[in-house]
Amino acid sequence: MVSANTELAYDNKIETNVVPTTVDAAINWIRNNSMWPMPMGLACCAIELMAVAASRFDIARFGAEVFRFSPRQADCMIVAGTVTYKMAPHVRRIYDQMAAPKWVIAMGACASSGGMYRSYATLQGVDRIVPVDVYVSGCPPRPEALLDALVKLQQKVRTEPALSRQFVK
């Protein structure tokens, strides 16, 4: 005699608790909505960087309000301001100490290209020592420009393969 096994039968209550997705999409969704920036405020752009965290601009709307001052707890470095040759090895060391995957935003003309400082002491762009994902133009850029860069970085993170960036390199 064959009896019905009710434990293996179809349960329609599960339908409301299951979301079909890929591993990449799930990981990227988590990374996207929980970026922890590492502020590298080196000059006047740092004031605009601080303003982004204030209530008027509210970076918390984008899930990036947790500024971390330890590189091991951050995944997004925001280089705000002029990078001098004296400071460059320290910026690189902090970048190297960040956990992978990690991203960099160059904020302002000085961080992006040296800006108005064409001297022997100024690094002509932070991309000479760390890979930059998003550039923010302006001198100093408005807080809205940094928020726009954060949205662009989130779009980039959303579309990149989550597992290969971490393990294939």
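### Notes on the packing of helix α2 (residues 45-52) against helix α5 (residues 143-159)
Working step 1: For the pair α2 and α5, interaxial distance at closest approach is 8 Å and the crossing angle is 70 degrees. Classed by the angle they form, the pair α2 and α5 counts as roughly perpendicular. For the pair α2 and α5, the contacting residues are Glu-48, Leu-49, Ala-51 and Val-52 in the first and Pro-143, Leu-146 and Leu-147 in the second.

### Things to note about the sheet that holds strand β2 (residues 76-80)
Pairing between the strands of a sheet comes from backbone hydrogen bonds, and it takes one of two forms, parallel or antiparallel.
Working step 1: The parallel open sheet is built from four strands, whose spatial order is β1-β2-β3-β4. Looking at strand neighbours, the two that pair on one side only are β1 (37-41) and β4 (134-136), the edges of this open sheet. Averaged over all pairs of adjacent strands, the angle between their axes in this sheet comes to 15 degrees, without regard to strand direction.
Working step 2: Both strand β3 (residues 103-107) and β4 contribute to a ladder of three bridges, which runs parallel. Among the inter-strand pairings, Ala-106 is bridged to a residue of β4, identified as Tyr-135.
Working step 3: Each of β1, β2 and β3 is contacted by α2, which is oriented at about 135 degrees to β2, the strand it contacts most.

### Quick word on the nonpolar core
Working step 1: By size, the foremost hydrophobic cluster in this structure holds 22 residues, and its most contacted members are Met-35, Ile-105 and Leu-146.
Working step 2: No other element matches α5, which puts six residues into this core.
Working step 3: In this structure, Met-35 is in contact with Gly-63, Ala-64, Asp-75, Cys-76, Trp-103, Leu-150, Leu-153 and Val-157, ignoring residues within four places of it in sequence.
Working step 4: Met-38, Ala-88, Val-91 and Met-98 belong to the second largest nonpolar core, which has 19 residues in total.

### Describing the environment of Gln-97
Working step 1: With respect to the helices, strands and loops of the structure, Gln-97 is situated in helix α3 (residues 88-97).
Working step 2: We classify Gln-97 as partly exposed; its relative accessible area is 31%.
Working step 3: Spatially, the C-alpha atoms of Gln-97 and Ser-70 are 9.0 Å apart, while their sequence positions differ by 27 residues.
Working step 4: The contacts of Gln-97, once residues within four sequence positions are left out, are Pro-71 and Arg-72.

### What to know about the confidence of the model for the chain
Working step 1: With 90% of its residues at a pLDDT of at least 70, the chain reaches an overall mean of 87.
Working step 2: When mean pLDDT is taken per element in the chain, β4 scores highest with 96 and helix α6 (residues 162-167) scores lowest with 62.

### Describing the packing of aromatic side chains
Working step 1: Taken as a whole and assessed by the stated rule, the structure comprises zero aromatic pairs.
Working step 2: A cation over a ring is seen here: Arg-68 above Trp-36, with NZ or CZ 4.7 Å from the ring centre.
Working step 3: The aromatic ring of Tyr-95 is capped on one face by Lys-102, whose charged end is 4.4 Å from the ring centroid.

### Considerations on unusual backbone geometry
Working step 1: Geometrically, the link from Ala-100 to Pro-101 is a cis peptide bond, its omega value of -5 degrees lying close to zero.
Working step 2: Tracing the backbone shows Pro-101 in the loop between α3 and β3.
Working step 3: The amide bond that connects Cys-139 to the next residue, Pro-140, takes the cis arrangement and shows omega of -20 degrees.
Working step 4: The phi torsion at Asp-58 lies on the positive side, around 55 degrees, for a residue other than glycine.
Working step 5: The residue Asp-58 is located in the loop between α2 and β2 in this model.

### What to know about α3
Every α-helix winds through 3.6 residues per turn, so residues three or four apart in the chain are directed the same way.
Working step 1: If you check which residues of α3 are buried, you get Ala-88, Val-91, Ile-94 and Tyr-95. The buried residues of α3 occupy an angular sector of 130 degrees when projected down its axis, which confines them to one face.
Working step 2: Looking at the packing, one finds that the buried side of α3 touches β1, β2 and β3.

Parameters at a glance
Residues numbered from 1 in each chain as written. Predicted model: local features only at pLDDT ≥ 70, side-chain atom pairs only at ≥ 80, totals over all residues. Heavy atoms only, no water. Axes fitted to C-alpha atoms, helices over the stretch in contact; angles between N-to-C directions. Helix = DSSP H or I, 4+ residues; strand = E, 2+ residues; numbered from the N terminus. Parallel < 35°, antiparallel > 145°, perpendicular 65-115°, else oblique. Contact = heavy atoms within 4.5 Å. Pairing = 2+ DSSP bridges. Core = buried A, V, L, I, M, F, W, Y, C linked by side-chain atoms within 4.5 Å. Buried < 20%, exposed > 50% of the residue type's maximum accessible area, 1.4 Å probe, protein only. pLDDT = per-residue confidence, 0-100. Phe/Tyr/Trp six-rings, centres within 6.5 Å; stacked < 30°, edge-to-face > 60°. Lys NZ or Arg CZ within 6 Å of the ring centre and 35° of its normal. Arc of directions from axis to C-beta.

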